[in-house]
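Residue-level structural notes
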Amino acid sequence: MKICVIGTGYVGLVGSAVFADWGNQVIGVDNNPDKIRMIESGSMPIFEPGLKELVAKNISNGNLKFTNSLSDGISDAEIIFICVGTPMGEDGSADLKYIFQVAEEIALNMKTPKIISIKSTVPVGTNRKVREFIKSKTSVDFSSVSVPEFLREGSSIEDMNNTDRTVIGSDDTAAIEKVSELFNHLNSPIVKCDLESAELIKYASNSFLATKISFINEIAQICDMSGADVTKVAYGMGLDSRIGPKFLNASIGYGGSCFPKDVLALYKTSEDFGYHFNILDSVMKTNKNQKNYFLDKIKKIYGDNLNGKKIAVLGLAFKNDTDDIRESVAIEVVKILKEMGALINAFDPEAMPNSEKVLGNEKINYLNTKEEVFNDSDFLVILTEWKEFKDISSENLLKLKDKNVFDGRNLLNGSEIRQLGINYYSIGRK
Ligand code: UGA
């Protein structure tokens, strides 16, 4: 199938490469010429496992091309996927300016009938508004289809190839069937529905997952108070197939470019409909408090003043396997530790260049290996769930002058650490 993908962010770039790898003819469009040059020369604007290789493979076999020109990109395409950002607007609702800019350009350049499909996360009602907007600017026939994306950063290629479901929403059943052809080979259900249901499935899914995380984070606080162990509680809960084991890892709170934005946007959409979404209100409050709950564990030992303290920090990305620091709780925690007077010895496997842009160079050393953070540090703080942080030698832990470890991701084995004579504080574990 001939496809045009507009936008080369996480959804667009990964989507273009995977659609091409499925044997389609794909043109990726971005209005930033530097980004296109970068991608074509083999260096990716984002770190995503396997992406570089997949893009290179499909450029060389001729399935994948990139262009700056939207009109060239869409000219032969049967399906156009809009994958541009929908950032958080000033009042917390989704800012749709990029969607409408692209919609206008499509309308002005479209010469033959198309299926126009929005993959970006957009509030319920947006596809219909965009449809009316395009209709007001062109007489060329087109269908509107909503195909929300469910990939996670860090495992996006695998997620697209092994998705739990594909959601395709439209008023036009022929268009739904055409778009389904793209996904039929995947061994998972295709949910065919109206535009509004498709849009809401996306927000409801992200908000439900965020709720699951905030729920386990509150349970973790009860665990701390009662002497229970949140990892055992989560395991026991997760064995119930109605609950499931995923997204029950207690933490310093959820971050990233999706959950914080999408929970707030659904909350705002509900308010616009005149409905107060109580649960989401609480989820946001719990998530905001969770980093303070973790910081309080540090403050209980050290007070509010960390002047003269050197802290080994492992993790800056909002989660593992990404260089993304958008809405990263790790970054927020580091900012607070710096404000409290501490000097930070930090390491993250991928996110240090991005972190340096927001944290600067004052009171923070960016180190080359996870081992180096231990040199001359007073205590350790773990903020991102990179797998490699699970494996820290006793030799390094014993270098910590104050013999204190604060694990914001429950990665380490507390009893082994205590046997070394080191105090271990985590989230909801004895
Ligand atoms: C999320 C969804 O998982 C994807 O399905 C969705 O497509 C994507 O948003 C999106 O809307 O584009 P992502 O933001 O990449 O994906 O990251 P997640 O793996 O969901 O993690 C989000 C945050 O929750 C991270 O900060 C992570 O550390 C935290 N988390 C996750 C926990 O604190 N505990 C958990 O058990 C799981």
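Everything that follows concerns the structure shown earlier in this document.
Keep in mind that what you see is a predicted model, and the values were worked out from it rather than measured.

1. Topic: the overall build of the chain
- Secondary structure summary: the chain contains 16 helices and 14 strands in total.
- Its C-alpha atoms give the chain a radius of gyration of 23 Å, near enough to 22 Å, the size a compact globule of 430 residues would have.
- Taken along the three principal axes of its C-alpha coordinates, the chain extends 75 × 50 × 40 Å.
- In the chain, 71% of the contacts between residues at least 6 apart in sequence involve partners at least 24 apart.

2. Side note on the packing of helix 5 (residues 97–109) against helix 6 (residues 126–135)
- At their nearest, the axes of helix 5 and helix 6 sit 9 Å apart, and the two run at 35 degrees to each other. Seen from above, helix 5 lies across helix 6 with right-handed handedness. Packed against helix 5, whose contacting residues are Ile 99, Phe 100, Ala 103, Glu 104 and Ala 107, the element helix 6 presents Lys 129, Val 130, Phe 133 and Ile 134 at the interface.
- When grouped by side-chain class, the residues that make up the contact of helix 5 with helix 6 number seven nonpolar, no polar and two charged.

3. Quick word on the packing of aromatic side chains
- Following the criterion strictly, the structure yields 13 aromatic pairs and no others.
- A ring pair is formed by Tyr 302 and Phe 406, whose centres lie 6.5 Å apart and whose planes are at 55 degrees; its orientation type is tilted. Of this pair, Tyr 302 sits in helix 12 (residues 278–302) while Phe 406 sits in strand 13 (residues 404–407), and the two are 104 residues apart along the sequence. Residues Tyr 302 and Phe 406 agree in their burial class; the two are buried.
- Aromatic pair Phe 406 and Tyr 425: ring centres 4.9 Å apart, planes at 15 degrees, arrangement stacked. Placement of Phe 406 in strand 13 and of Tyr 425 in strand 14 (residues 423–425) is noted, with a sequence separation of 19 residues between them.
- An aromatic cluster is defined as three or more aromatic residues linked by ring pairs; in this entry it consists of Phe 19, Trp 22, Phe 81 and Phe 183.
- Lying across the ring of Phe 142, Arg 131 places its NZ or CZ 4.8 Å from the centre.
- Over the ring of Phe 150 we find Arg 165, and its NZ or CZ is 3.6 Å from the ring centre.

4. Some remarks on the site of the ligand
- Around the ligand, 21 residues are found, and the nearest of them are Leu 151, Glu 153, Lys 202, Ser 251 and Glu 385.
- Contact between the ligand and Phe 150: an oxygen atom at 2.8 Å from a main-chain N or O atom of the residue.
- One of the backbone nitrogen or oxygen atoms of Leu 248 is found 3.4 Å away from an oxygen atom of the ligand.
- Relative to its free-state accessible area of 710 Å², the ligand is covered by the protein chains to the extent of 92%.
- Listed by contribution, the elements that provide at least two residues to the shell around the ligand are helix 9 (195–226) and helix 11 (259–272).

5. Quick word on helix 3 (residues 51–60)
- Turning to helix 3, its buried residues number three or more, namely Leu 51, Leu 54, Val 55 and Asn 58. Looking down the long axis of helix 3, one finds its buried residues gathered within 100 degrees of arc, a one-sided arrangement. In helix 3, those exposed residues whose orientation departs by more than 90 degrees from the buried face are Glu 53 and Ser 60.
- Positive backbone phi, at 85 degrees, marks Gly 62, one or two positions downstream of helix 3.

6. Section: unusual backbone geometry
- At Lys 363, a position not held by glycine, the phi torsion is positive, near 60 degrees.
- You can see Lys 363 is positioned in the loop between helix 14 (352–359) and strand 11 (364–366).
- You will see that Lys 403, though not glycine, has its phi angle at about 60 degrees, which is positive.
- Taking relative accessible area as the criterion, Lys 403 reaches 26% and is therefore assigned partly exposed.

7. Things to note about the sheet that holds strand 10 (residues 343–347)
- The strand order across the open sheet formed by six strands is 11-10-9-12-13-14, and the pairing between neighbours is parallel. Taken across any chain shown, the strands that pair with only one partner, and hence form the sheet edges, are strand 11 and strand 14. The mean inter-strand angle of the sheet, taken between neighbouring strand axes irrespective of direction, is 20 degrees.
- Strand contacts of helix 12: strand 12 (379–382), strand 13 and strand 14, with the helix running at about 165 degrees to strand 13, the strand carrying the most contacts.
- Against the sheet, helix 14 contacts strand 10 and strand 11, and its axis sits at roughly 160 degrees relative to strand 11.

Calculation criteria
Residues numbered from 1 in each chain as written. Predicted model: local features only at pLDDT ≥ 70, side-chain atom pairs only at ≥ 80, totals over all residues. Heavy atoms only, no water. Helix = DSSP H or I, 4+ residues; strand = E, 2+ residues; numbered from the N terminus. Rg over C-alpha atoms; globule rule 2.2 N^0.38 Å. Contact = heavy atoms within 4.5 Å. Axes fitted to C-alpha atoms, helices over the stretch in contact; angles between N-to-C directions. Left-handed = near helix turned anticlockwise from the far one by under 90°. Nonpolar A, V, L, I, M, F, W, Y, C, P; charged D, E, K, R; others polar. Phe/Tyr/Trp six-rings, centres within 6.5 Å; stacked < 30°, edge-to-face > 60°. Buried < 20%, exposed > 50% of the residue type's maximum accessible area, 1.4 Å probe, protein only. Lys NZ or Arg CZ within 6 Å of the ring centre and 35° of its normal. Near = heavy atom within 4 Å. Polar contact = N/O pair within 3.5 Å; in protein donor to acceptor, adjacent residues only side chain to side chain. Areas by Shrake-Rupley, 256 points an atom, 1.4 Å probe, with all protein chains shown as cover. Arc of directions from axis to C-beta. Pairing = 2+ DSSP bridges.

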